[in-house]
Amino acid sequence: MNQVTLLRHALRPHLAWHGAGLSFVAAFLIALLRVKTVNFAELATAFSGEAQTDSHYKRLQRFFRDYELNYAELAQAVVNLMAIPEPWTLSLDRTEWQFGNCVFNILMLGVVHEGVAFPVVWCWLDKRGNSNRDERIALFNQFLERFGERELACLTADREFVGKDWFEYLLSHPLTPFRIRIRENYKLSNGSTCQKAKVLFADLAVGQTKILRHKRRLWGHWVYIAAVRFEDNSLLIVATPSAPKSAISDYAKRWSIETLFGIFKTRGFCLESTHLTEPEEHKPLRIKKHGRRAKSIFRYRFDHLRCIVLNLDHKMNDFSHALQLLSCT
């Protein structure tokens, strides 16, 4: 039983797809692990089987063009396969990805597990810059619809995800514990006096942590405030409705979603290299308007050799033939 068949059997209990769809996804994932990029030209060389690289390339294009993915089902499958223990720590963040000439602004919520946030809900923002309260609430409501029965430890988010209305939502229904970083110049009140956060923590030495003894009012909401001073003398200040002693360490788990983005981008699978927005290439050596080939002869042959080496079980005859050509025998 080959790798694709084994993976297809593992996916079947979690994805209610027809056999051809499961076989493609299994082959796609195996190829992805081999070449560590979602660039279609690279992936096509790593698909197993007797078909030519160009056939695999067109198969990739057809699948992602025509197949309607159920992202809720995929998210549930990921959670089940990873067996992420409860209670869950969530990480909320936003990133921009570039596909060809298109720039996508993506708001994403992930579940933290072993240093990485596994994405469970996300949405495209039809604008540049930060999300607003309604967009965050809509995203979080999607999460609750899919995973509302799961026990939550807390939601973590950076300084971009603050505001009176957003805090009101998290503190009301559903009541969601959070550890959210706030800016140093935000004003905090104890009921009688109001001071900037950086003033209240002005006595902190580098590496030192401090928790204000009583809750402070921030945008009309009473929350605990904890802070730590970094080596560059800046402050990390976290607002939380509960468990202030663990607020800083809990907030540190937010970085797991940055790790996820790095995996998706240049430090991992190069998601921006799909070239999905580029025209489909029907012939590997077609001539473009400027008179040059769409793919060089070197690249065409190099991809052919890579495909052979990555699939030796099926292409030993081709490998032997290539060795003969290289040795001029």
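Going by the structure above, here's the rest.
Residues numbered from 1 in each chain as written. Predicted model: local features only at pLDDT ≥ 70, side-chain atom pairs only at ≥ 80, totals over all residues. Heavy atoms only, no water.

Draft legend 1. Spotlight on the pairing of strand β11 (residues 235–240). For β11, the buried fraction is high: 6 of the 6 residues fall into the buried class. Burial along β11 is two-sided: Leu235, Ile237 and Ala239 facing one way and Leu236, Val238 and Thr240 facing the other are all buried. In the sheet, strand β5 (residues 178–182) pairs with β11 via 3 bridges, with the strands oriented antiparallel. Residue pairing across strands places Arg181 opposite Val238, the latter belonging to β11. Bridge analysis of strand β10 (residues 221–229) against β11 gives 6 bridges, and the strand direction is antiparallel. Considered in β11, the bridge of Tyr224 is made with Thr240. Linking β10 to β11, which pair antiparallel, is a turn of 5 residues; within it Asn233 sits at a positive phi near 80°. (Buried < 20%, exposed > 50% of the residue type's maximum accessible area, 1.4 Å probe, protein only. Helix = DSSP H or I, 4+ residues; strand = E, 2+ residues; numbered from the N terminus. Pairing = 2+ DSSP bridges.)

Draft legend 2. Molecular detail of the packing of aromatic side chains. Applying the stated criterion across every chain, the model contains 21 aromatic pairs. Look at Phe40 and Tyr57: their rings are 6.4 Å apart centre to centre, the planes differ by 80°, and that puts the pair in the edge-to-face class. You can see Phe40 sitting in helix α3 (residues 40–46) and its partner Tyr57 sitting in helix α4 (residues 53–66), a full 17 residues away along the chain. Given the relative accessible area of 5%, Phe40 is considered buried. Residue class for Tyr57 comes out buried when judged on its relative accessible area of 15%. Taken together, the ring pairs in this structure connect Trp17, Phe24, Phe28, Phe40, Phe47, Tyr57, Phe63, Phe64 and Tyr67 into an aromatic cluster. The ring of Trp166 has Arg136 lying over it, and the distance from NZ or CZ to the ring centre is 5.8 Å. (Phe/Tyr/Trp six-rings, centres within 6.5 Å; stacked < 30°, edge-to-face > 60°. Lys NZ or Arg CZ within 6 Å of the ring centre and 35° of its normal.)

Draft legend 3. Looking closely at helix α5 (residues 71–82). Its 12 residues give α5 an end-to-end C-alpha distance of 16 Å, which sits within 8% of 16 Å, the value for a rise of 1.5 Å per residue. Turning to α5, its buried residues number three or more, namely Glu73, Ala75, Ala77 and Val79. Regarding α5, its N-cap is Asn70, as a side-chain oxygen of that residue lies 3.2 Å from the backbone nitrogen of Ala72 further along. After α5 finishes, the residue Ala83 shows a positive phi value of roughly 50°. (Expected span 1.5 Å × (residues − 1). Polar contact = N/O pair within 3.5 Å; in protein donor to acceptor, adjacent residues only side chain to side chain.)

Draft legend 4. The arrangement of the packing of helix α2 (residues 19–35) against α4 in detail. At a minimum axis separation of 12 Å, α2 and α4 run at an interaxial angle of 120°. Here α2 is positioned oblique relative to α4, judged by the angle of their axes. When you trace α2 past α4, the crossing you get is left-handed. Residues Ser23, Phe24, Val25 and Phe28 of α2 form the contact with α4, whose own contacting residues are Arg59, Leu60, Phe63 and Phe64. By residue class, the composition of the contact of α2 with α4 is 6 nonpolar, 1 polar and 1 charged. (Axes fitted to C-alpha atoms, helices over the stretch in contact; angles between N-to-C directions. Parallel < 35°, antiparallel > 145°, perpendicular 65-115°, else oblique. Left-handed = near helix turned anticlockwise from the far one by under 90°. Contact = heavy atoms within 4.5 Å. Nonpolar A, V, L, I, M, F, W, Y, C, P; charged D, E, K, R; others polar.)

Draft legend 5. A look at the side chain of Ser256. With respect to the secondary-structure elements, Ser256 resides in helix α10 (residues 256–264). Discounting residues that sit within four places of it in the chain, Ser256 has contacts with Ser91, Val112, Gly115, Val116 and Ala117.

Draft legend 6. Inspection of the pairing of strand β3 (residues 116–125) at higher detail. Here β3 lies mainly inside the structure; 8 of its 10 residues are buried. Relative to β3, strand β2 (residues 102–113) runs antiparallel, the two sharing 9 bridges. If you follow Val111 over to β3, its bridge partner there is Phe118. The hairpin formed by β2 and β3 contains 2 residues between the paired strands, and Glu114 there has a positive phi angle of roughly 55°.

Draft legend 7. Focus on the pattern of salt bridges. On inspection of all chains with the given rule, the structure shows 12 salt bridges. Residue Arg133 pairs with Asp134 through a salt bridge whose shortest N-O separation is 3.4 Å. Put simply, Asp203 and Lys210 hold a salt bridge, and the shortest N to O gap is 3.3 Å. Residue classification places Asp203 among the exposed residues on the basis of a relative accessible area of 55%. By relative accessible area, Lys210 is classed as partly exposed at 25%. Ionic contacts of the salt-bridge type, sharing partners, join the residues Glu86, Glu149 and Arg150 into one network. (Salt bridge = Lys/Arg side-chain N within 4 Å of Asp/Glu carboxyl O.)

Draft legend 8. Just the side chain of Asp158, in detail. Within the secondary structure layout, Asp158 lies in the loop between β4 (152–157) and α7 (164–171). At 2.9 Å, the side chain of Asp158 forms a polar contact with the side chain of Tyr251.

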